[in-house]
Amino acid sequence: MANYEPPVTDYDSIVENCTCAFCGCNCDDLDYLIKDGHVVGVRHACRLGASKIMEDMDQRLLVPMIRGEDGELAETDWDTALDKAAELIAGAVRPIFYGWSETSIETMHHGLELGELVGAVLDNQATICHGPSLQAVQNAGYPISTLGEVKNRADMCLYTGSNAMNSHPRHMARYSTFPRGYFRPRGRFDRTVVTLDPKYSDTAKMSDIWVGFEQNGDYEFYNAIRAVLKGKKLQKEFISGIPKEDVEELAEAMKNVQFGALFFGLGLTHTLSKQRNIDIAIQMVADLNSYTKWILMPMRGHFNVNGFNIFMAFETGFPYGVDFARGYQRYMNGETNTIDLLTRKECDVFMVIAADPGAHYPGGAVKHLAEIPVIQVDIHWGPSTEIADVVLPGSFVGVEVGGTSYRMDGVPIWMKKAIDKPETCRDDEWIIKEILERVKTIKAEQGALASK
Ligand code: SF4
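Remember, predicted model here, so these are calculated numbers, not experimental data. (Residues numbered from 1 in each chain as written. Predicted model: local features only at pLDDT ≥ 70, side-chain atom pairs only at ≥ 80, totals over all residues. Heavy atoms only, no water.)

1. Some thoughts on the sheet that holds strand β5 (residues 73-75)
Worth spelling out the cut-off: One bridge is not enough; two strands pair if DSSP finds at least two bridges between them. Secondary structure counts use DSSP, requiring at least four H or I residues in a row for a helix and at least two E residues in a row for a strand, with both numbered from the N terminus. The contact definition used throughout considers only heavy atoms, calling two residues in contact when any of these lie within 4.5 Å. Angular values range over 0 to 180 degrees, each being the angle between N-to-C directions of two axes fitted as lines to C-alpha atoms, with helices fitted over their stretch in contact.
Taken together, nine strands build an open sheet; the order of strands is β5-β4-β19-β18-β17-β6-β7-β15-β16 and the sheet is mixed. Two strands lie at the open edges of the sheet, namely β5 and β16 (330-331), each paired on one side alone. The pairing of strand β17 (residues 349-353) with strand β18 (residues 374-378) spans four bridges and is parallel. Across the sheet, Met 351 pairs through a bridge with Ile 375, a residue of β18. Contacts from helix α13 (residues 305-316) reach β7 (121-124) and β15 (322-323) within the one sheet, and its direction differs from that of β7 by about 145°.

This is the structure:
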């Protein structure tokens, strides 16, 4: 019991049914315990969610900052910082507005207007995450359901290339494995759980079946399952290191369920052949639907990464990496994605909102970021702050400000406000709107000058 933490009992009020602003599970059953205007405890959240919600004020960005001639960030007032950001954006030739996955749809709305106005590229974390899944969906279809369908119907849940117990800690508890559903009244006892992963992960430990095929063996493995489903004999004795009899047995088990749900993660999107792994997983699900009912779902990471893709697809026809340089939207993977633009050194001004590319981008991309003006809108100090030239402290969606998000299955959720933001911070939506208005003013002045 050495790690036992006693429950928080010293609080003024409880705000119920709040939504967690961490992973794509968007758990909306959280209770925040409030004392003196701060969240001092969170009920029902996992450790990841609770640690984010009870945020560390030591790292909180509280005041606008601009990097001076001496290379140091110095505090400034909001007007000066916003003017500087607007001036940089209005003067850019190839701006990128990146991030968005940890802010609200309402903020994205203004970001899109700004992007169209200045001919920017709008991109989100999908570009380094489930972008290959979006490409595969465009190639092969999207046989998805809501998580409620899984909870009420699924008798086989299969995790592939995903360690949900670590990345989405309440996924198995809320949606897939443990909950009692309408047609699955005994919860866990009514379901078979399978994990396909080279590692014996924490998710594998919770499963009935673990198939530890070789790393980068995904494509071959699903191909073999498809061959078995189509009645073919497997020629090789081992498929990605797994005996062919085991592959045949798994294919037979997958055929004979009533409702199967396949959840996939970065084990597919980040390994060799990337979107082709997901192409073939989608085709495998289509084959399984000749026998019974199967769906598949990407384990989307941030709580609103899916929201950006849904919002952009609705507004522009394309989900991410959308380029307005020619005045209309274009989408070309490998050309208009952030990493490609940065490593080719094409971008001249970068605005990052609710993301930390300084921590999560490959070295070549970060190197270029260090050489160009970077505007950061965020709530935390992080590696991106170290390379930012203008820092605009935003607000915490789902805690300090309300907003819309989309869960991994595409279900929209309103994230309510529970406490007030620090007086010196501003809402993300307000910040982007203010920049937009200031850029419009600069553009109007430039237009007036040009016409003279
Ligand atoms: S599972 Fe995800 S959304 Fe749910 S509480 Fe944990 S981090 Fe938050």
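And the narrative resumes.
2. Topic: the sheet that holds strand β3 (residues 38-43)
Spatial strand order, β1-β2-β3: three strands in an open sheet with antiparallel pairing. Looking at which strands have only one partner, the edges of the open sheet turn out to be β1 (13-18) and β3. Geometrically, the sheet is characterised by an average inter-axis angle of 30° between neighbouring strands, direction not taken into account. Pairing of strand β2 (residues 30-35) with β3, which is carried by five bridges, proceeds in the antiparallel orientation.

3. Concerning the UniProt feature "domain: Molybdopterin oxidoreductase" (unreviewed entry) in the chain
Selection criterion: UniProt positions are given in the numbering used here, feature names are shortened, and annotations may be inferred rather than shown by experiment.
Summarizing the sequence annotation, UniProt attributes the feature "domain: Molybdopterin oxidoreductase" (unreviewed entry) to residues 60-438 in the numbering used throughout. Summarising residues 60-438: 39% helix, 18% strand, and an end-to-end C-alpha distance of 26 Å.

4. A closer look at the domain arrangement of the chain
The condition is simple: These domain boundaries are the output of an automatic or database domain assignment. By convention, the term buried area covers the 1.4 Å-probe accessible surface removed from two parts as they join, with the contributions of both added.
For the chain, the domain assignment lists domain 1 (13-54), domain 2 (65-128 + 303-451) and domain 3 (131-298). Placing a centre on the C-alpha atoms of domain 1 and another on those of domain 3 gives a separation of 31 Å. Each partner contributes to the interface: domain 1 provides 12 residues, whereas domain 3 provides eight residues. A combined buried area of about 720 Å² lies between domain 1 and domain 3, and 60% of that area is made up of carbon and sulfur atoms.

5. Quick word on the packing of aromatic side chains
Basically, it comes down to this: Two aromatic rings, drawn from Phe, Tyr or Trp (for Trp, its six-membered ring), form a pair once their centres lie within 6.5 Å of each other, and the interplanar angle then sorts them: stacked below 30 degrees, edge-to-face above 60, tilted otherwise. Accessible area is worked out with a 1.4 Å probe on protein chains only. A residue is then buried under 20% of its type maximum, exposed over 50%, and partly exposed in between. Criterion for a charge above a ring: Arg CZ or Lys NZ at most 6 Å from the ring centre, at most 35 degrees from the ring normal.
Counting across every chain of the model gives 12 aromatic pairs. Between Tyr 320 and Tyr 331, the aromatic rings sit 5.9 Å apart at their centres with planes inclined by 70°, giving edge-to-face as the arrangement. On the criterion of sequence distance, the pair formed by Tyr 320 in the loop between α13 and β15 and Tyr 331 in strand β16 is long-range, its members being 11 residues apart. Of the two residues, Tyr 320 and Tyr 331, neither departs from the other in class, the shared state being buried. The structure contains a cluster of three or more aromatic residues connected by ring pairs, namely Tyr 98, Phe 350 and Tyr 361. A cation over a ring is seen here: Arg 426 above Trp 430, with NZ or CZ 5.6 Å from the ring centre.

6. Focus: the site of the ligand
We count it as follows: For this purpose, a residue is taken to be near a molecule or strand whenever a single non-hydrogen atom of the residue falls within 4 Å of it. Each residue is assigned to one class: nonpolar for Ala, Val, Leu, Ile, Met, Phe, Trp, Tyr, Cys and Pro, charged for Asp, Glu, Lys and Arg, and polar for all the others, Gly among them.
Contacts to the ligand come from Cys 20, Phe 22, Cys 23, Cys 25, Asn 26, Cys 27, Ala 45, Cys 46, Gly 49, Pro 169 and Arg 170. Its residues assigned to classes, the shell around the ligand shows eight nonpolar, two polar and one charged.

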